[in-house]
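Descriptive structure summary
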Amino acid sequence: MSEVQGFLDRLSERAATRGAEPTWIAARRQAGAARFEALGFPDRKVEAWKYTDVRGIARGDFALAESAEFSPASAAALTLPIAAHRLTFVDGLFAPALSDLGELPAGVSVEPLSQALAANHEAVGGALGRLAGVDFSPFTALNTAFAEEGAVIRLAPGAVVERPIVLQFLSSARSAPVMSHPRVLVEAGARSQATLIEHQVGEEGAANFSNLVSELLLERGAILTHYKLQELPQGDHHIASLHVDQARDSRFTSFNLNLGGALARNDIVTDLNGQGAEANFFGLFFGQGRQVLDTHTLANHNAPLTFSNENYKGILDDRARGIFNGKVIVKRDSQKIEAHQNNANLLLSDRAEIDTKPELEIYADDVKCSHGATTGQLDQEAIFALRARGIDEATARGLLTLAFAGEVMERVAIDAVAERVELAVAGKLPERFNLAGLVEAAVALHEE
Amino acid sequence: MLEVKDLHVTVEGKHILKGLNLTVAAGQVHAIMGPNGAGKSTLSAVIAGKEGYEVTQGSITFDGQDVLEMEIEERARAGLLLGFQYPVEIPGVKNIYLLKAALNAKREAEGLGEIPAPEFMKLIKEKIAFMKMDASFLQRAVNEGFSGGEKKRNEILQMLVLQPKLALLDEIDSGLDIDAMKVVADGVNSLRAADRAILMVTHYQRLLDHITPDVVHVLVDGRIVKSGDAELAKELEARGYDWVLEESAA
């Protein structure tokens, strides 16, 4: 297929200009390329991609960026205003000038993938591809074939990072679109604790393709909170898969906040491999225009006494399309597990569409599982009740939409992240009514 | 202040109001009573602008403005507020957001700026104390999980904060125990003023023991068939509606 060939050609071009690499990387690139070539881009006949049209990517002519250029002023405006250990990538390339790791606690290392490879490629070799195999999807294969940059994060046993680690992926407006294939590797040692934020954002007018693969290993008792804040410009295409391996008593919490892009597909897979392991998946997607926002999650309960909990909210306006597929697989002998899934969707327009499918596959008999999906519109009675108090219709709809997202948003512990989402969901609503100040005042009153 | 002339309203093709006339002047408290199905709730719904009610004839004017030409929110901002019979639950929208958004919308319409936060909190604090409500209520979602009495108190609280010119109260007494009734009635009575009017729709005389109306109307089959003073309500309580029907048929 010529669409696939275009990407393979880019790969050959890159191989010709790239310096010598360790044999293992070359072998993996080859395996990735071969798998990608064999699978091709998924079409609607592939169940996992049934509702997601990737022709915008397949037919695109994406080069690899050769330089990371981004005006510091516009980068500053896009950056989350929080104290953090931050690595920034522009169109996939590491941007040292826009990065600031600050002082990392002992036992914690955060490095760009390129540097980690240069320093000790064998250690990276053990992690790259351990959780995300080239068979997972054509895009994972493609990422493996191209992966050169990204981040390697290691937490020694017991290490606690108080500030979030932010990986900021900036997409720039260019005359010709580019693609990037970042790879993120996290090894969280026993009882370590950290918050990782993957932030995709860019300049208006950008129309690039980013294809991210992240592999997160949580050792015994590790606690990792992962935020994905995707607010790419409307011309961007974004594919990401997040692969998590959880040992005994580890806790993984994911906030998957998808707001931007023409197409954004997220796969999140966790393997609950040890007793007491817990995974929480929270998500919010808000689509407008003709956006397509697709989330597939999978929790594999591979051990007894493991727990998963999922709550996703979808809001779709105009002709946007949302896809949610949440799957839980409980292996034989994985007794006394608990798995709960919920997906609620709000359609703000008649032409918006949601395809939601919670799935349970249970091969054990002593389990506690639930799942549910609902789709509805804004409550007309509530709109009337607000208007009958003098609130204009747009504000009433904004307040109610924000309220719909509230159940997920109130769990978001990082205010700067919550504010970005609130602004996207309700326009300038929170600012206009100074809701934040109001809440503080009300709390003060209550405490008096 | 409010003038309803020859009002005919149909709901899903059914003729409910059939030439209703009503005049409410500033400073007055009016009560509209009547049997079930007479059209009491239809009247308040039409005045507030609820969808699904078709006015086929007649007019409603408020301070000289054509109410039927006004958007729902414009009516509220002009000072025409409906207290709901069944206040709707709005999960996720905190009471304090509603109060502030509504008050600022009204102020904007009046050409005033946004209310400063300290002034707003002082006002709210005073009003919730008057309604014997706990401050924690401000952080709760509008009416969510509220008891019947709490919902009605909340309606009156909104009135106290928004200070309407005409408070339209649709069966504000339904579902209230005697203590809640007293708090609600105190709230309504505190709204009485020379430049304000109150129009209550009620099924029972009970409410009128606490809020004495200046004028009582009997609404039967889509029309006001009899009007009188507070004594009329007592007579209705004692004798029912049949005699009014007979009298008006005669």
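Residues numbered from 1 in each chain as written. Chains lettered and ligands numbered in written order. Predicted model: local features only at pLDDT ≥ 70, side-chain atom pairs only at ≥ 80, totals over all residues.

A word on the overall build of chain A
Each helix and strand in chain A was counted, giving eleven helices and 21 strands. Since a compact globule built from 448 residues should have a radius of gyration of about 22 Å, the 22 Å found for chain A is in line with a globular shape. Sequence separation of 24 or more characterises 83% of the internal contacts of chain A that already satisfy a separation of 6 or more. (Helix = DSSP H or I, 4+ residues; strand = E, 2+ residues; numbered from the N terminus. Rg over C-alpha atoms; globule rule 2.2 N^0.38 Å. Contact = placed C-beta atoms within 7 Å.)

Thoughts on unusual backbone geometry
Its identity is not glycine, yet Leu305(A) carries a phi of approximately 55°, on the positive side. Structurally, the position occupied by Leu305(A) is in the loop between strand 16 (292-301) and strand 17 (307-316). At Glu171(B), a residue that is not glycine, the phi angle is positive and equals roughly 45°. Mapped onto the elements, Glu171(B) comes out in the loop between strand 9 (166-170) and helix 6 (178-191). With 21 C-beta atoms packed within 10 Å, Glu171(B) lands in the buried category. (Buried ≥ 20, exposed ≤ 12 C-beta atoms within 10 Å, placed from the backbone.)

Quick notes on the interface of chain B and chain A
Across the boundary between the two partners, chain B contributes 31 residues, which contact 25 residues of chain A. Residue assignment for the side of chain B that touches chain A shows that the elements contributing at least two residues are helix 2 (72-77), strand 7 (90-94), helix 3 (95-109), helix 4 (117-130) and helix 5 (148-162) of chain B. In terms of residue count, helix 3 of chain B provides more of the side of chain B that touches chain A than any other element does, nine residues in total. Counted by class, the side of chain B that touches chain A contains 20 nonpolar, five polar and six charged residues. (Nonpolar A, V, L, I, M, F, W, Y, C, P; charged D, E, K, R; others polar.)

Some remarks on the pairing of strand 7 of chain B
Residues and elements named next belong to chain B. The buried count for strand 7 comes to four of five residues, which makes it a mostly enclosed element. Relative to strand 8 (residues 141-142), strand 7 runs antiparallel, the two being bridged by two bridges. From the neighbouring strand, Ile90 faces strand 8, where its bridge partner is Val142. (Pairing = 2+ DSSP bridges.)

Digging into the domain arrangement of chain A
All names here are of chain A. In terms of domain boundaries, chain A breaks down into domain 1 (2-273) and domain 2 (380-448). Between the C-alpha centres of domain 1 and domain 2 the distance comes to 33 Å. Taken together, the ten residues of domain 1 in the interface contact seven residues of domain 2. The element that contributes the greatest number of residues to the side of domain 1 that touches domain 2 is strand 11 (residues 223-231), accounting for three residues. Among the residues forming the side of domain 1 that touches domain 2, the class breakdown is nine nonpolar, no polar and one charged. (Domains from an automatic or database assignment.)

Quick notes on the sheet that holds strand 11 of chain A
Residues and elements named next belong to chain A. Judged by pairing direction, the sheet is mixed, and its ten strands sit side by side in the order 3-2-6-9-11-13-15-17-19-21 without closing on themselves. In the strand order of this sheet, the two ends are held by strand 3 (93-94) and strand 21 (367-376), each with one partner. Note: strand 9 (residues 193-202) against strand 11, nine bridges, orientation parallel. Paired with Gln193 across the strands is Ile223, a residue of strand 11. Strands in contact with helix 9 (residues 415-426) are strand 11, strand 13 (251-258), strand 15 (278-287) and strand 17; relative to strand 11, the strand with the most contacts, it is inclined by about 30°. (Axes fitted to C-alpha atoms, helices over the stretch in contact; angles between N-to-C directions.)

Let's talk about the environment of Gly92(B)
Note on placement: Gly92(B) falls in strand 7. Given 20 C-beta atoms within 10 Å, Gly92(B) falls into the buried group. Once the C-alpha coordinates of Gly92(B) and Val142(B) are considered, the two residues, 50 residues apart in sequence, prove to be 7.7 Å apart. With residues near it in sequence (within four places) discarded, Gly92(B) still touches Ala403(A), Phe404(A), Gly406(A) and Ala141(B).

Quick notes on the nonpolar core
Across soluble globular proteins, nonpolar side chains have a tendency to be buried as a group. If you look at the biggest cluster of nonpolar residues, it comprises 198 residues, and the most contacted ones within it are Leu218(A), Leu399(A), Leu166(B), Leu168(B) and Met200(B). Here the element with the most residues in this core is helix 8 (residues 393-409) of chain A; it accounts for nine residues. Counting the residues that make up this core, at least three belong to each of domain 1 (2-273) and domain 2 (380-448) of chain A. (Core = buried A, V, L, I, M, F, W, Y, C linked by C-beta atoms within 7 Å.)

What to know about the confidence of the model for chain B
Across chain B, the average pLDDT comes to 92, with 100% of residues at or above 70. Here the predicted complex scores 0.86 on pTM and 0.94 on ipTM. (pLDDT = per-residue confidence, 0-100.)

Side note on helix 1 (residues 40-48) of chain B
All names here are of chain B. For helix 1, the tally of buried residues reaches eight of nine residues, placing the bulk of the element in the interior. Looking at helix 1, one finds that the buried residues are Lys40, Thr42, Leu43, Ser44, Ala45, Val46, Ile47 and Ala48. One or two steps after helix 1, the chain reaches Gly49, where phi turns positive at roughly 100°.

Thoughts on the sheet that holds strand 2 (residues 14-24) of chain B
Residue and element names in this part refer to chain B. Spatially, 2-1-4-5 is the arrangement adopted by the four strands of the open sheet, whose pairing is antiparallel. Among the strands making up the open sheet, the edge pair consists of strand 2 and strand 5 (65-66). Where strand 1 (residues 2-11) and strand 4 (residues 53-62) come together, eight bridges link them in antiparallel fashion. Its bridge partner lying in strand 4, Thr10 is registered against Glu54. The sheet strands contacting helix 1 are strand 1, strand 2 and strand 4, and the helix crosses strand 4 at an angle near 70°.

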